[in-house]
Amino acid sequence: MTSLQCNIGGVPMRNPVIMASGTYGFGREYAAYVDAGTLGGISCKGLTLHPRSGNPGCRVQETASGMMNSVGLENPGVAAFLEKELPYMATLDTAIIANLGGSNAEEYVEGARMLSMHTRQQKQQGSRGIDMLELNISCPNVREGGIQFGIQTDTARSIVRQVRSVTDLPLMVKLSPGAQDLVKMAVMCEQEGADAVSLVNTFSAMKIDIYRRRSAFHNTYAGLSGPAIKPIALRMVHQVAGAVSIPVIGMGGISSVEDMIEFIMAGAEAVQVGTYNFVNLRAGTELVEGLQMWMQQQRVESLEEIRSIIG
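Overview of the structure. Note that the structure is a prediction, hence the values are computed from the model and not measured. (Residues numbered from 1 in each chain as written. Predicted model: local features only at pLDDT ≥ 70, side-chain atom pairs only at ≥ 80, totals over all residues. Heavy atoms only, no water.)

With that settled, consider the sheet that holds strand E14 (residues 221-225). Strand order across the open sheet formed by four strands is E5-E6-E14-E11, with antiparallel pairing between neighbours. Edge positions in the sheet fall to strand E5 (60-63) and strand E11 (203-206), since each of these pairs with one other strand and no more. Strand after strand, the sheet turns through a mean of 40° between neighbouring axes, direction not considered. Two elements, E11 and E14, share four bridges in a ladder whose sense is antiparallel. (Pairing = 2+ DSSP bridges. Helix = DSSP H or I, 4+ residues; strand = E, 2+ residues; numbered from the N terminus. Axes fitted to C-alpha atoms, helices over the stretch in contact; angles between N-to-C directions.)

And the structure:
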């Protein structure tokens, strides 16, 4: 009997397939296509303390092997999420991960405090809050905050430390591939009390409209995702997994069962699936089914048998 179970920072998951933030909304958007109970977890659309309308102009461009996006963290804000979106997510039979961004340290801290306090209150009432906080210090789609916090280890340390001090939720930190030293960044997160790290977010990229003679995106650059980044993301996950003892959640261009298994063999405890959700609305369920089938064919009873086998 094969087992797909995994554990991320004390949060048990039935399998290692998590829907990546920004590609799955708050779960409601895919309800007609995917039974959330087949998934390991859902990382909700990126939240900020205050509502954001996102970036103006073009937001998405297809590339030869993926896509570029400059959505700009459009979201209803933490308070509206708690009031309007979380009650629905709490009905889903899967792990709920709140992805939190910010423009400054105060916003990160207050957002984390609100999410944590609400979850504590819900548990006291016998109800459900979020299961894990994913601290996004890596978003390349906004001019302020985000990616700046994810570049310098010392700057990021301050954010992680402050957020850790105000939340007792399992804490996962989402890392930027643009960090000056990604391994050092991951080690710092572990030192500051993070329960897991997730990587990598999109790569900063560019597209030029040759007819309008300007960048296709309002903010000039946008985030590149999809199969084009997978080999680089895989290498980064392998490097980080070899340097930390906390779980590593790998992401970056996963669009097949084989891709997912590669990340696990490189050391990932679980994976997040993003761009592939736009190509295949049933991506999550099909990847779980495919992983189960591969394990049966290969006579692998537990993911521990293959995890981190690449030295």
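Text resumes after the structure shown.
Turning our attention to the side chain of Arg307. Looking at where Arg307 falls in the secondary structure, it is placed in the segment after helix H8 (283-297). Among the residues examined, Arg307 registers a relative accessible area of 11% and is labelled buried. At a separation of 2.9 Å, a polar atom in the side chain of Arg307 contacts the main-chain carbonyl oxygen of Ala268. (Buried < 20%, exposed > 50% of the residue type's maximum accessible area, 1.4 Å probe, protein only. Polar contact = N/O pair within 3.5 Å; in protein donor to acceptor, adjacent residues only side chain to side chain.)

Okay, the pairing of E5 next. A regular strand places its side chains so that they alternate between the two faces of the sheet. In terms of strand pairing, E5 meets strand E6 (residues 66-69) through four bridges, oriented antiparallel. Bridging from a neighbouring strand, Val60 pairs with Asn69 of E6. Joining the antiparallel neighbours E5 and E6 is a turn of two residues.

Further remarks concern the sheet that holds strand E7 (residues 95-100). To summarise the sheet geometry, strands pair through backbone hydrogen bonds and adopt either a parallel or an antiparallel arrangement. One closed barrel accounts for eight strands, arranged E3-E4-E7-E8-E9-E10-E15-E16; its pairing is parallel. Adjacent strand axes in the sheet meet at a mean angle of 25° when their direction is disregarded. Two elements, strand E10 (residues 196-199) and strand E15 (residues 248-251), share three bridges in a ladder whose sense is parallel. Looking at the pairing, Leu199 lines up with Gly250 of E15.

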